[in-house]
Amino acid sequence: MSKKAYGVKGLSLALCLAAGFSFSACSDDDEGSGGGSAAQEMPKVEDAGIQFPVTQLSNGYDTESYSYSADGRMTGGSTSYGTRYTITYEPLTLTEQDGDYTGTFRNIKTNSNGFMTYAEVSYSDSEYSDSGSITWKYDSDGHLLGESGNITNSSDGPYSWTCTYTWENGNLASAEYREEWEGETYREVYTFAYNGNPWENPGIYPEGMIEVNGTMMPILFYSGLLGKAPQNIPSSVTEAELEGNRETYSTTCNTVSVGYNPDGSVKSIEMQEDDYGYTETSLFGYAGYPIQNQSSYSAAPAQKSPKAFRSMKARRMMKR
């Protein structure tokens, strides 16, 4: 798995559906073309099947921290790099701030489950200024099926992307990010396997599921805005990057162990990469079980992530 920080990147994750996998049926409630109702507040995380609200998320390079209201709605967050997330209500608006950088989700629409179906997005700093919109759709079980983003006003020129997710028996089978920019097609594909006796998942989103997403913002998932997590933790994740039809990078990471807290929440996930043998441990903290140790990593720290909504070309230059 590539050594990417959890930060707020203009996100990329992707996976091709292997032969034999089936799509979950779409419901009339997925409203993936900008439909839905104007959102006034955050959903309750339990509505996305998140049994234990995650207050800390770390992969050794960066730590995201989240806060919640008494009724289980995310109220904000921050990263160890200095990024801060602010959530305001009526109407629901999410702002990401880091120095002179500001990213905003506004005019958000959600379906009857509270999952985002549409948002207008903007991004600016001293060097870039982007704006556009994103739509999402879900299956009848509340799993994210697709994302379509369009940046119409950008210093890099207009660009668009799609993210496609496929599911089988409640588990994520594949995720694919695709973007065409300056006449080139870039794809990032993740495939997930669940061999043997897969680990139960009370509400953790696999790293590849977040990375292939066009915004690469974990807060959108852990707040319950982007649907339900897989019911199991994958036994392996294969990542492939392609330019056109040419594969430029591929690696597989195998799950070595999953640690649980006494209440059943996931404490840690250790994975080992096939080609180079490095291990990476993701740590998860909760109100009653904060992260205790963040030093068990053998992979070198990555650069700080670029911000959201930037073109794929710019993101690729910084992501390793």
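None of the values given here were measured: they were computed from a predicted structure.

## A look at the environment of E41
Then step 1. Looking at where E41 falls in the secondary structure, it is placed in the loop between β1 (37–38) and β2 (56–58).
Then step 2. Under the relative-accessibility criterion, E41 is labelled partly exposed at 39%.
Then step 3. Once the C-alpha coordinates of E41 and T75 are considered, the two residues, 34 residues apart in sequence, prove to be 9.8 Å apart.
Then step 4. Those residues in contact with E41 that sit more than four places away from it in its chain are R73, Y89 and L92.
Then step 5. In terms of polar contacts, E41 uses its side chain to reach the side chain of R73, at 3.5 Å.

## Some remarks on the pattern of salt bridges
Then step 1. Applying the stated criterion to the full structure yields four salt bridges.
Then step 2. Taking the shortest distance from any N to any O, the salt bridge between E41 and R73 comes out at 3.5 Å. Of this pair, E41 sits in the loop between β1 and β2 while R73 sits in the loop between β3 (63–68) and β4 (74–79), placing them 32 residues apart in sequence.
Then step 3. With a shortest N-O distance of 2.8 Å, R187 and E176 are connected by a salt bridge. Of this pair, R187 sits in strand β13 (residues 184–193) while E176 is found in strand β12 (residues 171–181), placing the two residues 11 residues apart along the sequence. The same class applies to R187 and to E176, which are both buried.

## A closer look at the confidence of the model for the protein
Then step 1. Mean pLDDT over the protein stands at 82; residues scoring 70 or higher make up 81%.
Then step 2. Counting contacts from residues 1–30, a segment whose pLDDT is below 50, to residues more than four positions away or on other chains yields 163 contacts.

## Examining the nonpolar core
Then step 1. Judged by nonpolar contacts, the single largest core of 62 residues is most densely connected at F105, M116, Y165 and Y222.
Then step 2. Considering each element in turn, this core owes the most residues, five residues, to strand β11 (residues 159–168).

## As for the packing of aromatic side chains
Then step 1. Considering all chains together, one arrives at eight aromatic pairs under this definition.
Then step 2. Pairing Y66 with Y222 gives two aromatic rings, centres 6.4 Å apart and planes at 25 degrees, and the pair type is stacked. With Y66 in strand β3 and Y222 in helix α2 (residues 218–222), the pair connects residues that are 156 residues apart, well separated along the chain. Comparing Y66 with Y222, the two get one shared label, buried.
Then step 3. Ring geometry for Y123 against Y128: centres 6.5 Å apart, planes inclined by 50 degrees, an arrangement best described as tilted. Note on accessibility: Y123 and Y128 belong to one class, buried.

## Digging into unusual backbone geometry
Note: most residues except glycine have negative phi, and most peptide bonds are trans.
Then step 1. Residue P91 is reached from E90 by a cis peptide bond, and omega for that bond is 0 degrees.
Then step 2. If you trace the backbone, P91 turns up in the loop between β5 (84–88) and β6 (93–98).
Then step 3. Look at E90: it is not a glycine, yet its phi comes out positive at around 50 degrees.
Then step 4. Checked against the element boundaries, E90 lands in the loop between β5 and β6.
Then step 5. In the Ramachandran plot, M216 falls in the positive-phi region, its phi being about 45 degrees despite a non-glycine side chain.
Then step 6. The residue M216 is located in the loop between α1 (207–211) and α2 in this model.

## With respect to the environment of P234
Then step 1. Along the chain, the position of P234 falls in the loop between β15 (232–233) and β16 (236–243).
Then step 2. Residue class for P234 comes out buried when judged on its relative accessible area of 6%.
Then step 3. C-alpha of P234 to C-alpha of N171: the two residues are 63 residues apart in sequence and 8.4 Å apart in space.
Then step 4. With sequence-adjacent residues up to four places away left out, P234 is seen in contact with F192, A193, Y194, W199, P206 and T255.

What counts, and where the lines are drawn
Residues numbered from 1 in each chain as written. Predicted model: local features only at pLDDT ≥ 70, side-chain atom pairs only at ≥ 80, totals over all residues. Heavy atoms only, no water. Helix = DSSP H or I, 4+ residues; strand = E, 2+ residues; numbered from the N terminus. Buried < 20%, exposed > 50% of the residue type's maximum accessible area, 1.4 Å probe, protein only. Contact = heavy atoms within 4.5 Å. Polar contact = N/O pair within 3.5 Å; in protein donor to acceptor, adjacent residues only side chain to side chain. Salt bridge = Lys/Arg side-chain N within 4 Å of Asp/Glu carboxyl O. pLDDT = per-residue confidence, 0-100. Core = buried A, V, L, I, M, F, W, Y, C linked by side-chain atoms within 4.5 Å. Phe/Tyr/Trp six-rings, centres within 6.5 Å; stacked < 30°, edge-to-face > 60°.

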